[in-house]
Each structure stands twice: as structure tokens, then as C-alpha cells.
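Each chain, written out:
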Amino acid sequence: MFTDKVRIFLKAGDGGAGCMSFRREAHVPKGGPDGGDGGKGGDIVLEADSRVSSLIDYRFKHHFKATRGTHGKGSKMNGANGEDLVLKVPVGTIVREYNDETKETGEVIADLTHDGERIIAARGGIGGRGNTHFVTSTRRAPAFAELGVPAEECWVELEMKLMADAALVGVPSAGKSSLIARMSAAKPKIADYPFTTLVPNLGVVKADEYNYVVADVPGLIEGAHEGKGLGHEFLRHVERCAIILHVIDLTGGYEGRDPVEDYRIINNELKAYLPELAERPCIVVGNKVDAPGVEDAARRLEEEVRRDSIERAGGNEYAESPLNPKVFFTSAVTGKGVDALMKATGARVAELREAQRKAMEGQEHFDQIWQHRRDAKDKKFKVTKLSEGVFRVTGKQIERMVIQTDWENDEAVTFLQHRFKRLKLDEALEAAGACDGDEIRILECAFEFESARMREDDFEGMDI
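Cut-offs applied
- Residues numbered from 1 in each chain as written.
- Predicted model: local features only at pLDDT ≥ 70, side-chain atom pairs only at ≥ 80, totals over all residues.
- Heavy atoms only, no water.
- Helix = DSSP H or I, 4+ residues; strand = E, 2+ residues; numbered from the N terminus.
- Buried < 20%, exposed > 50% of the residue type's maximum accessible area, 1.4 Å probe, protein only.
- Areas by Shrake-Rupley, 256 points an atom, 1.4 Å probe, with all protein chains shown as cover.
- Pairing = 2+ DSSP bridges.
- Axes fitted to C-alpha atoms, helices over the stretch in contact; angles between N-to-C directions.
- Phe/Tyr/Trp six-rings, centres within 6.5 Å; stacked < 30°, edge-to-face > 60°.
- Expected span 1.5 Å × (residues − 1).
- Polar contact = N/O pair within 3.5 Å; in protein donor to acceptor, adjacent residues only side chain to side chain.
- Contact = heavy atoms within 4.5 Å.
- Parallel < 35°, antiparallel > 145°, perpendicular 65-115°, else oblique.
- Nonpolar A, V, L, I, M, F, W, Y, C, P; charged D, E, K, R; others polar.
- pLDDT = per-residue confidence, 0-100.
- Salt bridge = Lys/Arg side-chain N within 4 Å of Asp/Glu carboxyl O.
- Core = buried A, V, L, I, M, F, W, Y, C linked by side-chain atoms within 4.5 Å.

Novice: It is not clear to me how the overall build of the protein should be interpreted in this structure. Could you clarify?
Specialist: In terms of helices and strands, the protein carries nine helices and 18 strands. Per-residue burial for the protein yields a buried fraction of 45% across its 464 residues. As displayed, the protein has an accessible area near 23800 Å², and 50% of this comes from carbon and sulfur atoms.

Novice: Got a minute to help me understand the sheet that holds strand E7 (residues 118-122) in this structure?
Specialist: With mixed pairing, the three strands of this open sheet are ordered in space as E4-E2-E7. Strand pairing shows two members of the sheet lacking a second neighbour, strand E4 (85-90) and E7, which therefore form its edges. Taken pair by pair, the neighbouring strands of this sheet meet at an average axis angle of 30°, ignoring direction. Inspection of the sheet shows strand E2 (residues 44-49) paired to E7 by four bridges, in the antiparallel sense. Residue pairing for E7: Glu47 is matched across the bridge by Arg118.

Novice: Hey, could you run me through the packing of aromatic side chains in this one?
Specialist: Note on aromatic pairs: each is described by the distance of the centres and the angle between the planes. All chains considered together, the criterion is met by seven aromatic pairs. For the pair Tyr58 and Phe64, a centre-to-centre distance of 5.6 Å together with 70° between the ring planes defines the contact as edge-to-face. For Phe64, a relative accessible area of 8% translates into the label buried. Ring plane angle 40° and centroid distance 5.7 Å describe the contact between Phe144 and Phe415, whose orientation is recorded as tilted. Of this pair, Phe144 sits in the loop between E7 and strand E8 (153-160) while Phe415 is found in helix H8 (residues 410-422), placing the two residues 271 residues apart along the sequence. Like Phe415, Phe144 is buried. In textbook terms, an aromatic cluster arises when at least three aromatic residues are bridged by ring pairs, as seen for Phe134, Phe144 and Phe415.

Novice: Would you mind going over H8 with me for this structure?
Specialist: One turn of an α-helix holds 3.6 residues; hence residues three or four places apart share an orientation. Between its first and last C-alpha atoms H8 spans 19 Å; for 13 residues at 1.5 Å apiece the expected length is 18 Å, and the two agree. Buried within H8 we find Ala412, Val413, Phe415, Leu416, His418, Arg419, Phe420 and Lys421. Where H8 begins, the side chain of Asn409 points an oxygen toward the backbone nitrogen of Glu411, at a separation of 2.9 Å. Following H8 by one or two positions, Lys424 has its phi on the positive side, about 65°.

Novice: I keep staring at the environment of Thr384 and nothing clicks. Help me out?
Specialist: Here Thr384 lies in strand E15 (residues 382-387). According to the relative accessible area criterion, Thr384 is partly exposed, its value standing at 30%. Aside from chain neighbours lying at most four places away, what touches Thr384 is Val390, Phe391 and Arg392.

Novice: Can you help me understand the packing of helix H7 (residues 396-404) against H8 in this one?
Specialist: Packed helix pairs are characterised by how far apart their axes lie and by the angle those axes make with each other. The contact between H7 and H8 brings their axes to 10 Å, and the two run at 170°. Classed by the angle they form, the pair H7 and H8 counts as roughly antiparallel. In this structure, H7 contributes Ile398, Met401, Val402 and Gln404 to the contact, and H8 contributes Leu416, Arg419 and Phe420. Across the contact of H7 with H8, the residue classes break down as five nonpolar, one polar and one charged.

Novice: What's the story with the confidence of the model for the protein in this structure? I'm lost.
Specialist: The predicted coordinates ought not to be read in detail in places where the model reports low pLDDT. Of all residues in the protein, 84% have pLDDT values of 70 or greater, and the mean over the chain is 82. Element-level mean pLDDT values for the protein span from 56 in helix H2 (residues 231-234) up to 96 in strand E3 (residues 63-65). Low pLDDT, under 50, characterises residues 188-197; the predicted model gives this stretch 24 contacts beyond four residues in sequence or across chains. Overall, residues 454-459 carries pLDDT values under 50, and its contacts beyond four positions in sequence, including any with other chains, amount to 16 contacts.

Novice: I tried to follow the sheet that holds strand E9 (residues 166-169) on my own but got confused; where do I start?
Specialist: Consider a sheet: its strands pair through backbone hydrogen bonds, and that pairing is either parallel or antiparallel. Across the sheet, six strands lie side by side as E10-E11-E9-E12-E13-E14; this open sheet has mixed pairing. At either margin of the open sheet sits one strand with a lone partner, and together these are strand E10 (201-207) and strand E14 (326-329). Taking each pair of neighbouring strands and ignoring which way they run, the sheet shows an average axis angle of 25°. The pairing of E9 with strand E12 (residues 243-249) spans four bridges and is parallel. Within the sheet, the bridge partner assigned to Leu168 lies in E12 and is Leu245. The sheet strands contacting helix H1 (residues 176-183) are E9, E10, strand E11 (210-216), E12 and strand E13 (282-287), and the helix crosses E11 at an angle near 160°.

Novice: When you look at the environment of Gly175 in this model, what are you seeing that I'm missing?
Specialist: Of note, Gly175 is situated in the loop between E9 and H1. According to the relative accessible area criterion, Gly175 is buried, its value standing at 14%. Sequence spacing of Gly175 and Asn287 is 112 residues, and the spatial spacing of their C-alpha atoms is 6.9 Å. In contact with Gly175, not counting residues within four places along its chain, are Asn287 and Lys288.

Novice: Would you mind going over the pattern of salt bridges with me for this structure?
Specialist: Pairing between side chains of opposite charge can happen when their charged atoms approach one another. Tallied over the full model, the rule gives 30 salt bridges. Between Arg240 and Asp111 there is a salt bridge; the shortest N-O distance is 2.6 Å. Linking Arg240 in the loop between H2 and E12 with Asp111 in strand E6 (residues 104-112), this pair joins segments that are 129 residues apart in sequence. When its relative accessible area of 21% is taken as the criterion, Arg240 is described as partly exposed.

Novice: Before we go on, may I ask you to explain helix H3 (residues 259-273) in this structure?
Specialist: Its 15 residues place the ends of H3 21 Å apart at the C-alpha level, agreeing with the 21 Å of an ideal helix rising 1.5 Å per residue. Within the sequence span of H3, burial applies to Pro259, Val260, Asp262, Tyr263, Ile265, Ile266, Glu269 and Leu270.

Novice: Sorry, what's going on with the pairing of E10 here?
Specialist: The side chains of a regular strand alternate, residue by residue, between the two faces of the sheet. In the sheet, E10 pairs with E11 via seven bridges, with the strands oriented antiparallel. Paired with Val204 across the two strands is Val213, which belongs to E11. In sequence, E10 turns back onto E11 through a hairpin of two residues, with Asp208 there showing a positive phi of about 55°.

Novice: Help me understand the nonpolar core, please; the structure alone is not making it clear to me.
Specialist: Looking at soluble globular proteins, one finds that nonpolar side chains tend to be buried together. Within the largest apolar cluster, 33 residues are counted, with the highest numbers of intra-cluster contacts made by Leu179, Met183, Val238, Leu245 and Leu270. Counting only elements with at least two residues in this core, the list comes to E9, H1, E10, E11, E12, H3, E13 and helix H5 (338-360). Met183 has contacts with Val205, Tyr212, Leu245, Val338, Leu341 and Met342, leaving out every residue within four places of it along the chain. By size, the runner-up hydrophobic cluster in this structure holds 28 residues, among which are Val6, Ala12, Ile44 and Leu158.

Dropping the structure here:
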């Protein structure tokens, strides 16, 4: 079964709690703190794997959870980290944010276009720090430690787009499946009725020194970009191809269609779905040239393609552009013209690959761009006035600090207040109109606002 779009829920591993402990050994008077840190929870990683051909593994299982980190112990023994959960996806998978309540997709998290490329879709919670981290010159025996941070959890949408060098497009029964079977070792279903092909097929073509991948996309009909027929589901697989092989049935099929009109319809559908596809390098393949009585259709198709070339060249009929469509006449049954088509396609793909390589030279690349954006968003916070004397603070970093705090421990609460001060939360609250005694809410916690400054030496030198 071919599956190219799924939505899954990811829950990374929670962080383990830090330990509050003191040395209690014989002949070691007044032993200092020795609480270990909690282990980090496991991440959920999406990895592109060339051996995976579809998203079928996620069709029926939609929930995935990584293991949590263990708690720290005394004697400075840190807890073990949770194991990362690596989910394999096909090369060419786009990962997007997804809201399960509104059923809407958000921004793109990653576009995994290379074998082995990875993205952390859900980060494991960091482990809490043991009390050894909170020793200062004035506080020799801190009696608190941090709790572990709950992990990220989210819904994501996975959308697979085939990574092919060339895509065979055309109306149903144009002979695309027969052509890919002739060009490569692919074994698609072939029959003399429309929509024989229900899923895209991939084949590796070897022609002289050229090797490239060609995709056979299910037949398109007029209105495919609006969801008619099967085209709406599979037009996405044309987006990544370097060159389009537009296959035309010169006989008109059993419906007696006009080959030139078929050519115009598919061009219009590609342009309506994604305008840049209209400018994609194209080779027009007049198929079934072995059938009797197709000479007039071949001539008219050639004239139509030439008019397209002139239009792309801005009206100059003598201009040569690499974007101008070329015409080849083939027979997938007899093999006539197929070798010439394979070689021409291979040469064009090689040119495009080289041009892409040169365009990429000197460009600066950044791994985990989404990770940097996510970290930047985490540090932001917002103060909202709910009513007179009541304010709510939201922001992932601040909420994480609250979760890590043991509210039954006065020292831990005092340390949290100092962290808020370092983030300039006090200033933001005062700017929003908060006064002493007002109620400040963060998550499910509420406390009174105190604008008085703490003594810096209380936590001087402490690891914030």
C-alpha cells in the first residue's frame, strides 16, 4: 500500500529529577552536597532513509513516545538519559506542524531531501540539576534541587514527495507505464483502461554514461488541480523533479481525444497547481507513433510545441532556451525512439544537476534551522493583564523554570524568583502595571508580586 501523507503524535521523554543529597560518610565531618543530575529524556528524531519507499508504517500507528530520563542519586551519580526514538521516513518527506483540534497545518519544520538527514521533531525534557550546582560562597549547603522538565509533545504532518529526476505526466492511458517499463526495470501494472496506475512508480534509467530516476505519475485530467480524478493527490510528486516528460497519446485513445488539446490541458493543470511548473524544463513525448494514421497528429503537436517555445523565448522564433520543450516520437511497444529519448533526458538531467551544484557552491548552510528558530521562540515571554491586580505570564522557558521548581521548598522558590529577575520578568510586570501584592499566574501556579530587589550576594556565583 502506498501512503504519502500521515499525521502522527509525538511525545518525547521527560527529564529526570535532580537529587538533593549530602555526603554522610565516616570520618567526613560536615560533608557537602553530592546530589546528582537527572537524566535527559529521549528525543524523537525523524530521519530520511532511502530504503523507505512510503509512509505506510505510520498509517495505522499514530502515537510515538520516547523513554524518560532517570532521576539523579547521591554520591554525584547522574541519572541515565532516555534513549532517542528514531522514526524512519522516505527521502523527500516534508515535516509540518499540525493542530489536531483545528485540523490545520502550520509552518514547515523540515524538508528531508537527503539520505540520512535528520530533524529533532520533539525534544526530550532536560534533567533537573542536583544540589551540587547551587553552592555559593555564602550558601554552602543548598537544600534543594531541580525537578525534571516534561518533554515536548506535538502533532506533525508528514508529506512525502518523490525524489525523481524526471516525471512522466499526461492524461490517463497515454502510455506512461509502458514507457517507464521500457526505459527501466520498473514493473508497473499495464492495461488498456484509464487509471490503471493508482500510485506513483519509480524506475532507474541507465543510458550510456547517464543514470537517473524517473517517476510515473498517475494520469491527470482537466481540473486535477482542483481535486478531480487522482491528480490532486499526486501532483505533489511532480514538484521536485528536475525535468518533465510530457507524454501524449498520438492516437487520441479509445475516446478519440485531440492530442494537441491533451497537451494544452496538462500544461494548464501544471501551471494552475504550481505556476513554476510551467517554466520547468520539459520534453514532449509523442507516444504510440507506431499506430497507423498518427502522422497528422504528430505534425500538429510539433507545431504546437514550437509555438510554445517561441512564446517562452519572448516571441523570438530563433532564440534557443534550455527551457524550451523538445519533441520526441516514441513507441513503448516497439521501442522506437525510446533510446534517443533516454539519452536526451539523461544529458538534460546531467546539465541540471551540474547547474544546481554550481549554484550551491559558496552558499552557507545551516543545520537544524528549525531548532534555532524554536530556541529563539522558547526564550520569549508575554505578560497579559487578566483583570485588576491579576496578570498571567506565558512563555516556554519561564514555564519550564516553574515546572522544575519544588514549590514545597522555600529555597527552591527563592532561587526561581532570582531566575525571573535575571530574565527581567520583574521589569516586564512593572511595565504592564503590576504592583506589590498583585497575583501573578504562570501555568497552574499563582504567587504575589514583590517588586523589592533581592540581595545579589544570596546567589552570587550560583549556576543559573
